[in-house]
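Listed below are the residues making up each chain.
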Amino acid sequence: MLKRKFLLLLLAYSLVLSACSMQVTKESDSDDPKEAGVAENLPEERKVREIELYVTTADYDPVRYEMGLMIAEEWKKLGFDVTVTPLAWNRLSELGMRQKDFDAFTLAWGGRAERIDPDHFVYLTLHSSNAGPGAYNIVGYDNPEYDEIAEQQRATSDVEKRKELVFKAQEMFLEDLPYAPVVHRNQLMAYNKKDFTNVEYMMGEGLNSFWTFMDATPTGDRKVIRWGYPSDIDSLNPLSSTNTHDFQVTRLIYDRLVRISPTGEPQNWAAESITDVNGDGTAYEVKLRSGMKFHDGEPVTAQDVKFSFDLVKEIESPYFLGMVEPIESVEVKDELTIQFNLNQPFAPFISNTLAQMYIFPEHYWKPILEEEGPLAVLEHQNTEIIGSGPFKLDYWRKDEEMKLVRNDEYFEQPKLEGILKIPYANVQGMVAALEQGEADMTGWWIEPIQVQNLENNPNIEVIDVPDHGFYHINFNMRRMPFDDKAVRLAMSYVIPKEQIVDRLLEGYGEVANSIIGPANEFWHNPNVQGFSYDPDKAREILAEAGYQWDENGKIYYPEGKSDADKEKGIIRPVE
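Parameters and conventions
Residues numbered from 1 in each chain as written. Predicted model: local features only at pLDDT ≥ 70, side-chain atom pairs only at ≥ 80, totals over all residues. Heavy atoms only, no water. Helix = DSSP H or I, 4+ residues; strand = E, 2+ residues; numbered from the N terminus. Rg over C-alpha atoms; globule rule 2.2 N^0.38 Å. Buried < 20%, exposed > 50% of the residue type's maximum accessible area, 1.4 Å probe, protein only. Contact = heavy atoms within 4.5 Å. Areas by Shrake-Rupley, 256 points an atom, 1.4 Å probe, with all protein chains shown as cover. pLDDT = per-residue confidence, 0-100. Core = buried A, V, L, I, M, F, W, Y, C linked by side-chain atoms within 4.5 Å. Salt bridge = Lys/Arg side-chain N within 4 Å of Asp/Glu carboxyl O. Pairing = 2+ DSSP bridges. Axes fitted to C-alpha atoms, helices over the stretch in contact; angles between N-to-C directions. UniProt positions renumbered as here; feature names shortened; annotations may be inferred. Parallel < 35°, antiparallel > 145°, perpendicular 65-115°, else oblique. Left-handed = near helix turned anticlockwise from the far one by under 90°. Phe/Tyr/Trp six-rings, centres within 6.5 Å; stacked < 30°, edge-to-face > 60°. Lys NZ or Arg CZ within 6 Å of the ring centre and 35° of its normal. Polar contact = N/O pair within 3.5 Å; in protein donor to acceptor, adjacent residues only side chain to side chain.

Looking at an unreviewed UniProt entry, one finds the chain named Peptide/nickel transport system substrate-binding protein, with Caldalkalibacillus uzonensis as its source organism.

This is the structure we're talking about:
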């Protein structure tokens, strides 16, 4: 009896103490992961704000749209309030890639030919120096230890040693997970095989390869190929653009010193020869082909090449800047010879820098730069675009059509006389145009459900090419709650990747776990382990980090953390 009275006394005393405390929570001690971390009376200021997930419209990319909806539903099960907002591609590109004004959004890293070298994914998308407006470190990842690895792989000429560093970078990426790889989507595309033959396509590019337009050969009288796409380009100014589709067009108009071959090797193009002057990768002499001209008849000279490299540095062109940073100076040796002096050996100099940089005509751009300044160069519309490449612009009526015509003075003649680029409202419109003979090739993935119909058409060839590019989710690490690794990891553990491959891609793809895909066999680290669908693990990670849930299943920050006084959860600006 005494013992019972004593216990009751203790209970009463503890109730008094509880009543006097500032915060009253009651937490479940259940072993069930769904109940662990659940508490009552959690303070409102600790409730995680509503987050917004941007996706493309269903018309532009049905797979990415549906993928976004599936992922949002899984995040809601973790207790997050999620709003899904579909945006037209141009708007999504502006907010997500350029302004970096987002919480999270779906994006596809294109597996372009020049990205077979891992530098784009290892350095450009993740090094902290590329986190400013328009640059490729979209999520604002900033890890000095990772930066050091990313820099070392650039400066290591020994291929095997560089491979070890690239493998290490993939491992570090998964530890921090600044963005979440979801799936590699096979490139299902189709073309008119009745009227065009010798159609080249390649990994990561599909039918949009530069070589498609160089080698495609008309079989009849019609010499202009009609290139269908579910949107128009954003800009003809590559100095300010970061949009892959823009570059698919402008690389046909501008020249490069080097092109990536259909089998993935760099090959001299506008460059007649490239010599490693000292044999240590710190200086390269490049001799231009003779007789090259810009589309307005002016000769292409070594001075134009020097001007181009100096220009992108001066105006801080978002796409090109990371490629030219290793260059200390560019010397003009004679009319057709340039020497690049590097700060240190730069392994991807030929396959990345020389294979991506355009040759801009100095006589066109220099007056704009000198008279109006760097910002004017970036904002220039460039509608009278002048390059020296195999095609030149005939006309462009935005959102209607664009025509490129063959440069008959080019050193290697395309078989086509021209390209008519036609933007459609959506993928369905693009495919219907091909079926009805109004387009000759699709510039975007066709849907798996459309494959059967097209394969039954004797005039159409469907190609199926594995891609090392990948769909992924960007987490804005400048904002809460994505600044917290636990949140990024947990959200990744509930992305239903296998379902997306099976249901949305109908098996035409594979799960993505790394920034370097399995299709890029040499650089892919086969030992990296991804995030299999595991909701219990996701909740466990959040609980261990101190997150709690109220009785309605809504998630709250750990004690001492709140985004209640922050607009959009912003904790650091875009710099």
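Continuing now.
Another point: the overall build of the chain. Scanning the chain for helices and strands turns up 18 helices and 25 strands. Its C-alpha atoms give the chain a radius of gyration of 27 Å, within 12% of the compact-globule value 25 Å for 575 residues. Its C-alpha atoms put the chain at 110 × 55 × 45 Å along the principal axes. Put simply, the chain has 575 residues, and 57% of those count as buried. A separation of at least 24 residues holds for 70% of the contacts in the chain among residues at least 6 apart in sequence. For the chain, the computed accessible surface area is about 23500 Å², with 47% contributed by carbon and sulfur atoms.

Moving on, we come to unusual backbone geometry. Of the consecutive residues methionine 480 and proline 481, the connecting peptide bond is found in the cis state with omega at 5°. Here proline 481 lies in the loop between strand S22 (470–475) and helix H16 (485–493). For asparagine 198, which is not glycine, the phi dihedral falls at a positive 55°. Examined against the element boundaries, asparagine 198 turns out to sit in the loop between strand S8 (196–197) and helix H7 (210–215).

Confidence in the prediction of the chain, expressed as mean pLDDT, is 91, and 94% of residues score 70 or more. Under a pLDDT of 50 for its full length, residues 1–24 has, in the predicted model, five contacts with residues more than four places off or in other chains.

Let us now look at the nonpolar core. Formed by 178 residues in total, the largest nonpolar core has its most connected members in Trp75, Leu257 and Phe340. Sort the elements by how many residues they give to this core and helix H9 (residues 302–315) lands first, with seven residues. With sequence-adjacent residues up to four places away left out, leucine 257 is seen in contact with Asn268, Trp269, Ala270, Ala271, Val286, Leu288, Val305, Phe309, Phe340, Leu354 and Ile359.

Let us look at the pattern of salt bridges. Using the criterion set out here, one finds 32 salt bridges in the structure. Between arginine 64 and aspartate 61 there is a salt bridge, with its nearest N and O atoms 3.2 Å apart. Of the charged contacts, one joins aspartate 565 and lysine 566 as a salt bridge, the two residues approaching to 3.0 Å between their closest N and O atoms. Accessibility expressed as a relative area gives 65% for aspartate 565, which makes it exposed.

This part is about the sheet that holds strand S23 (residues 509–511). The strand order across the open sheet formed by six strands is S4-S3-S5-S22-S6-S23, and the pairing between neighbours is mixed. Of all the strands in the sheet, just strand S4 (82–87) and S23 have a single pairing partner and so form its edges. Each strand axis lies, on average, 25° off the axis of its neighbour in the sheet, ignoring direction. Here four bridges tie strand S6 (residues 179–185) to S22, and the two strands are oriented antiparallel to one another. Within S22, the position partnered with tyrosine 179 by the bridge is asparagine 474. Its contacts with the sheet put helix H17 (residues 497–504) on S6 and S23, and the angle it makes with S6 is roughly 30°.

UniProt's entry tags residues 34–132 and 265–556 with the feature "domain: Solute-binding protein family" (unreviewed entry), counted in the numbering of this structure. When the span residues 265–556 is considered, its composition is 30% helix and 24% strand, and the gap between its end C-alpha atoms is 51 Å.

This brings us to the packing of helix H5 (residues 144–155) against helix H6 (residues 159–176). Look at H5 against H6: their axes get within 9 Å of each other, and the N-to-C directions meet at 155°. With respect to their mutual orientation, H5 and H6 come out roughly antiparallel. The handedness of the crossing between H5 and H6 is left-handed. Across the interface between the two elements, Glu145, Tyr146, Ile149, Gln152 and Gln153 of H5 pack against Arg162, Leu165, Val166, Lys168, Ala169, Met172 and Phe173 of H6.

This part takes up the pairing of strand S7 (residues 187–192). With respect to burial, S7 is a largely interior element, six of its six residues being buried. Along S7, one buried face is formed by Gln187, Met189 and Tyr191 and the opposite face, lined by Leu188, Ala190 and Asn192, is buried too. The pairing of S7 with strand S21 (residues 460–465) spans six bridges and is antiparallel. If you follow tyrosine 191 over to S21, its bridge partner there is glutamate 461.

This paragraph deals with the packing of aromatic side chains. Within the structure shown, the criterion is met by 37 aromatic pairs. Each ring, one from tyrosine 60 and one from tryptophan 89, has its centre 5.9 Å from the other, and the planes form 5°; the classification is stacked. Of the two residues, tyrosine 60 is situated in the loop between strand S3 (51–56) and helix H2 (62–77) and tryptophan 89 in helix H3 (residues 89–99); the sequence distance between them amounts to 29 residues. Members of the aromatic cluster, joined through ring pairs, are Trp109, Tyr136, Phe247, Tyr254, Tyr319, Phe320, Tyr358, Phe360, Tyr364 and Trp365. Seen from the ring of tyrosine 136, arginine 115 lies directly overhead, with NZ or CZ sitting 5.7 Å from the centre. Here arginine 259 stacks its cationic end above the ring of phenylalanine 210, 3.9 Å away from the centre of that ring.

With that settled, consider the side chain of arginine 251. By the secondary structure assignment, arginine 251 is in helix H8 (residues 244–253). Overall, the relative accessible area of 4% leaves arginine 251 in the buried class. At 2.7 Å, the side chain of arginine 251 and the backbone oxygen of asparagine 208 are in polar contact. Excluding anything up to four places from it in sequence, arginine 251 contacts Glu114, Glu205, Asn208, Ser209, Phe210, Arg256, Arg259 and Tyr358.

A few words on the pairing of strand S15 (residues 327–334). Of the strand pairs in this sheet, S15 and strand S16 (residues 337–342) are connected by six bridges, and their pairing is antiparallel. The partner of valine 330 across the bridge, within S16, is phenylalanine 340. Hairpin geometry of S15 and S16 is characterised by an intervening segment of two residues between the two adjacent antiparallel strands.

Now for the environment of methionine 441. As for its position among the elements, methionine 441 is in strand S20 (residues 441–442). A C-alpha to C-alpha distance of 15 Å links methionine 441 and asparagine 453, two positions 12 residues apart in sequence. Non-local contacts of methionine 441, meaning those with residues more than four positions away in its chain, are made with Ala190, Tyr191, Leu207, Asn208, Thr212, Phe213, Ile225, Arg226, Trp227, Gly228 and Leu434.

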